[in-house]
Amino acid sequence: MARILPALICAAAATVGFVPRCGAESPAGKLGAADRAFFENRIRPLLSQHCLSCHSARAKELGGKLLLDTKDGVLQGGESGPAVVPGEPDNSLLIQAVRYDGLEMPPDRPLPPAAVAVLEDWVRRGAPDPREGKASESESESESESETSENPSSLWSLARLTAPPIPAMFDSPWPLDPIDRFVLAKLQCVGLAPAEDAAPRVLVRRLYYDLIGLPPTLSEVEAFEAACRVDRRRATEQLVDELLARPQFGERWGRHWLDVARYAESNGNDGLGRNPTFPHAWRYRDYVIAALNDDVPYNRFVQEQLAGDLLPADSPEQRDRQLVATGFLALASKPAKAMNNNFPMDVVADQIDVVGRGLMGISVACARCHDHKFDPVPTRDYYALAGIFTSSETMWGVAGHEGLTAPPTDLHVLTTPAKVPPPDGFIETVVLLESNTGKPKAIPKSKWAVGTPLAMGVRDRDKVADCKLNLKGDAQKLGEPVPRGFLSAIAGPDTAAIEPGQSGRLQLAQWVTDPRHPLTARVMANRIWLHLFGEGIVRTPDDFGVYGEAPTHPELLDHLAARFIQEGWSVKRLIRAVALSRVYQLSSDAPEWAASDEENRLLGWHSRRRLDAEALRDSMLQVSGQLDLRPGDGSIVRHRDILVNLAGNLHQPSRHRSVYLCYLRSSPPPELAAFDLPDFVAVLGRRAVTTNPAQALHLFNNPFVVEQAKAMASRATSDSAGNDPSEIARHLFRRVLLRDPTSDEVADALQLLAVADAGSQDNPWSVVCQALLITNEFRYID
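Residues numbered from 1 in each chain as written. Predicted model: local features only at pLDDT ≥ 70, side-chain atom pairs only at ≥ 80, totals over all residues. Heavy atoms only, no water.

Considering the overall build of the protein
Argument step 1. A tally of regular secondary structure across the protein gives 27 helices and nine strands.
Argument step 2. Relative to its full complement of 782 residues, the protein shows a buried share of 58%.
Argument step 3. The contacts in the protein between residues at least 6 apart in sequence include a share of 70% that link residues at least 24 apart.
Argument step 4. Total accessible area on the protein stands at roughly 31,100 Å², and carbon and sulfur atoms take up 52% of it. (Helix = DSSP H or I, 4+ residues; strand = E, 2+ residues; numbered from the N terminus. Buried < 20%, exposed > 50% of the residue type's maximum accessible area, 1.4 Å probe, protein only. Contact = heavy atoms within 4.5 Å. Areas by Shrake-Rupley, 256 points an atom, 1.4 Å probe, with all protein chains shown as cover.)

Next comes the structure, spelled out in C-alpha cells:
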C-alpha cells in the first residue's frame, strides 16, 4: 500500500483539479535585485581586494591570461579554462584555487575561510554578475569620483511626488474608487474592457487570504454570499473592516515586512561552519505584528526602527517598544569576525542595504567600492551614510563561541517584564548550530540577571565620527573622511543638520520619512499593491533604480503614494482602499483578449496566485481543526527547556500560526522549506514562485501534511452524522474546498477510500483528506 499511495493520491487529486504546473513561475530575464546586491556587497569587494591586482585589464602583469574584472572574463577564463562553472563550485577552477586544491590563489596566502565560503555561495547561486561590457577604470580604482552614468532628473522614481489628476470617466458606473479610473483609462486607451466581477464566494476567499492569511469557513462564505445578494458593496466594506480589525491581520502582514527586514533567529553559516542563534530576535517579530495591528503610521513605524532609542517616549512600555524596533538594524547575517578585516564595515553594508533597498528601493550598497554604475549614488554618498552607522553601536549579544562569529556586544535592557516569565534558574542561552548537521550546542553565558528582558538593537556610540572612504571597499585602505549625510540625488526633504556628538540616525529617520522624499511612500504603496495582486505596479519592488522595471501605471502609483501620505501614512487605510476597488474585485477568469497581455500588465483581470508557504501550512492546520490562533511563542527563548537541556532540535511541533515558527538561517522550518522561503540574508520584497518536484514530494510524504490529513479524517468521521461514506465525503469537500462535491467526485472519493481500506490504513479517510489538501483548488487563492 505504501508504494501505491502517492499514485492513488495523485489520481484522486486529478478528479478535483490537481493539475501540476510545470516550470518556474518566477520572472525570467534580468538579474534580480537580490543577486545584484549579493554581488555588489559581497563579491565585488572581495575580487577587488584579493584578485584584481593580477587579474584585471589594469594589471601590470596579467596572471594566467585570466580577467576577473568582467563577467565575460570570468566565464571565458584563462589558460586553464573557464574560471567558473555556474552552479557547480566543486567543478569551478576559481573555487579550487582559493581552496588551495591543486591551484593556489592568492599565491601569497590563502583567503580567510569566510571569504572562500562567500565565493562558493556565489558560484552555487549561478555566479550572478551584473557587470556588462569592458572593465572600467573604477573596477580597478574603486575610489574613483567620476560622475555616475545616470542623471538624477531622468530617473522616474526620483521625480517629485505629486498627486496626479484623476482620469475622467464621463459618468461611467464601473469605477468604485479613483484607483479604478487609472486602470480603466489605460484599458480604454487600447480598446479593451476588464473582466467581469469575481463571484462572491471567490471574492470572500481572496479577501480572507490577502488580509489575514487564512481561509474562511463554509458558514462565513455562505453569510457573505447572502449579504451580497442584498448589497454587495456594503457587504464587502463590512467584511474588509472586520478582517482588518482581527489580530490575524498583523500576523499576515507582519510576515510580509519580516521578509523585507531579513528577519531570522540565527546568523546563518558564518563561513566557518557555525550558525549561532539570536535568542532575542522574537521581540522584534512581535513588535512588527503589534505595530501593524495598531496601524502605527508608517512614517512612525520606520522612524522607530531606525532611531527608536533617540525618540521621546511617554511611558516605559513605549520606550521598550522603540528599543525593540531598532532590532531592524541588528538582524543581519554576519560573516565570521575571525580573519575578516572588513567585519565592522560588512555590518554597516547590511544596514545601508536594508535602508536603501528595504525603505527606498534603491541599491545604495552598490556604491561601497566605486560610484554606482547606473543609479545616481556616488561613493561619497555611501560613506556619508556609513558614518551614521559607524557612529552607532550595533547590539546582537553573544554570537558564537568565544566571539569567533562576531564579538559579543551589549543588549538593550528592557524595563517591562517579559510576556512569559522564565522558569526558576533559567540561564539566558545562545545556541551554536553546526551548519552541516544542525546539531545544537548551548553556550550558557550571560552577564545579566536571570529573567532580564533583553533586545537586539542599536544605540549611539559615546564618540561619533565621520567615516573615511574605504578605497576599493577595503577597510584597511583609507581615504579622506566624508561628512555624515544622505543621498545627494534626492532633493526635497529638508532635514536638520547632524550636530557634533550625534550619530545622525534620528536625522536619517526624519529624512527618509519626510513627505517630500520621492521614494519612501512610493516603495511602500507598491509593496501593498504587490501583496494584494501578486505583482507590484513596479515589478521589482526592491529596485526603483535604472535596472529596475518602470511602473506599469505610473500615475496610479503616484496617486497611491500621495494618498498614503495624505491619509496619515495609514497602512490599513490604503489596504482598505485597494481591497474595495473594482480592479481588486475582478474575476480571475481572464477575458478573451488576455493572450495579448499574458503578464496582465494592464490589470484587466485578477491574476491567479498560489498560497505561500505560511498560508498553506496555516490553512492545513485550520481545516484539520488543529490551528491554535493564540499568539505563539515559537522562538528560541521560548524553547529554553529544550536548549538548556540540549534535547531535540530547535524546530519543535507547533499548532500556532507559521509566523511564530523558529526561522533559522541555513535551517528553515521543515514544514515550509519546500515552498520558496527566502534565505533571510538580504532584503526581499517579492518571493520567488516556483514549481519543482520537491514540493510534490513534500505534499505526499511530509509528516506534517500526513498528520493534518489524519486529524481531519478523525474529526470528519466523528462529526458527520452517522457513518454514511457519501455524507462524510461531502463533509470533507465542504470543509476543505468550501463547496459541495459533484456526484462524480463523491464516487471517486469512495473508490479511493475502498483502495485505502484494502491497504489496512488506520483510518482510510486520511488518504482522501490528503488528496484534497494537495489539490490546486485548495493551494491556490482563486
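Thoughts on the nonpolar core
A general trend in soluble globular proteins is that nonpolar side chains are found buried together.
Argument step 1. Of all hydrophobic cores here, the largest spans 184 residues; its most connected members are Trp257, Tyr284, Tyr298, Leu306, Leu359, Met360 and Trp529.
Argument step 2. The greatest single-element share of this core, amounting to 10 residues, is contributed by helix α14 (residues 343–360).
Argument step 3. Among all residues touching leucine 359, those that are not within four sequence positions of it are Trp257, Tyr298, Val302, Leu306, Phe328, Val354, Val512, Thr520 and Val523. (Core = buried A, V, L, I, M, F, W, Y, C linked by side-chain atoms within 4.5 Å.)

Points about the environment of serine 92
Argument step 1. Here serine 92 shows up in the loop between α3 (71–76) and α4 (93–98).
Argument step 2. Classification of serine 92 as buried rests on a relative accessible area of 0%.
Argument step 3. Along the backbone, serine 92 and glutamate 120 are 28 residues apart, and their C-alpha atoms lie at a distance of 9.3 Å.
Argument step 4. When residues no more than four places from it in sequence are discounted, the contact partners of serine 92 are Ala83, Val84, Val85 and Val123.

Some points on the packing of aromatic side chains
Argument step 1. Going through the model one piece at a time under the given rule, you end up with 20 aromatic pairs.
Argument step 2. Between phenylalanine 343 and tryptophan 396, the aromatic rings sit 6.0 Å apart at their centres with planes inclined by 80°, giving edge-to-face as the arrangement. With phenylalanine 343 in helix α14 and tryptophan 396 in the loop between β2 (392–395) and β3 (412–413), this residue pair connects regions lying 53 residues apart in the sequence.
Argument step 3. The class of phenylalanine 343 is buried, set by a relative accessible area of 3%. (Phe/Tyr/Trp six-rings, centres within 6.5 Å; stacked < 30°, edge-to-face > 60°.)

Details of the confidence of the model for the protein
Argument step 1. Model confidence for the protein is summarised by a mean pLDDT of 85, while 83% of its residues fall at 70 or above.
Argument step 2. Taken together, the stretch residues 1–29 has pLDDT below 50 and engages in 55 contacts with residues farther than four places along the chain or on a different chain.
Argument step 3. Ignoring residues within four places in sequence, the model shows residues 421–428, a span with pLDDT below 50, making 18 contacts including any to other chains. (pLDDT = per-residue confidence, 0-100.)

Comments concerning the side chain of arginine 283
Argument step 1. Mapped onto the fold, arginine 283 is located in helix α11 (residues 282–293).
Argument step 2. Overall, the relative accessible area of 12% leaves arginine 283 in the buried class.
Argument step 3. Among the polar contacts listed, one links the side chain of arginine 283 to the backbone oxygen of leucine 454, at a separation of 2.4 Å. (Polar contact = N/O pair within 3.5 Å; in protein donor to acceptor, adjacent residues only side chain to side chain.)

Describing the environment of alanine 235
Argument step 1. Here alanine 235 lies in helix α9 (residues 218–245).
Argument step 2. When the C-alpha atoms of alanine 235 and proline 200 are compared, they prove to be 9.9 Å apart, with 35 residues separating the residues in sequence.
Argument step 3. If sequence neighbours within four positions are ignored, alanine 235 has contacts with Phe224, Ala227 and Cys228.

Re the packing of helix α12 (residues 298–307) against helix α13 (residues 316–325)
Pairs of packed helices are described in terms of their axes, by the angle between the two and the distance that separates them.
Argument step 1. Direction vectors running N to C along α12 and α13 enclose 75°, while the axes themselves pass 6 Å from each other. The angle between α12 and α13 falls in the class roughly perpendicular. Residues Arg300, Glu304 and Gln305 of α12 form the contact with α13, whose own contacting residues are Gln318, Arg321, Gln322 and Ala325.
Argument step 2. Per-class residue counts for the contact of α12 with α13 are one nonpolar, three polar and three charged. (Axes fitted to C-alpha atoms, helices over the stretch in contact; angles between N-to-C directions. Parallel < 35°, antiparallel > 145°, perpendicular 65-115°, else oblique. Nonpolar A, V, L, I, M, F, W, Y, C, P; charged D, E, K, R; others polar.)

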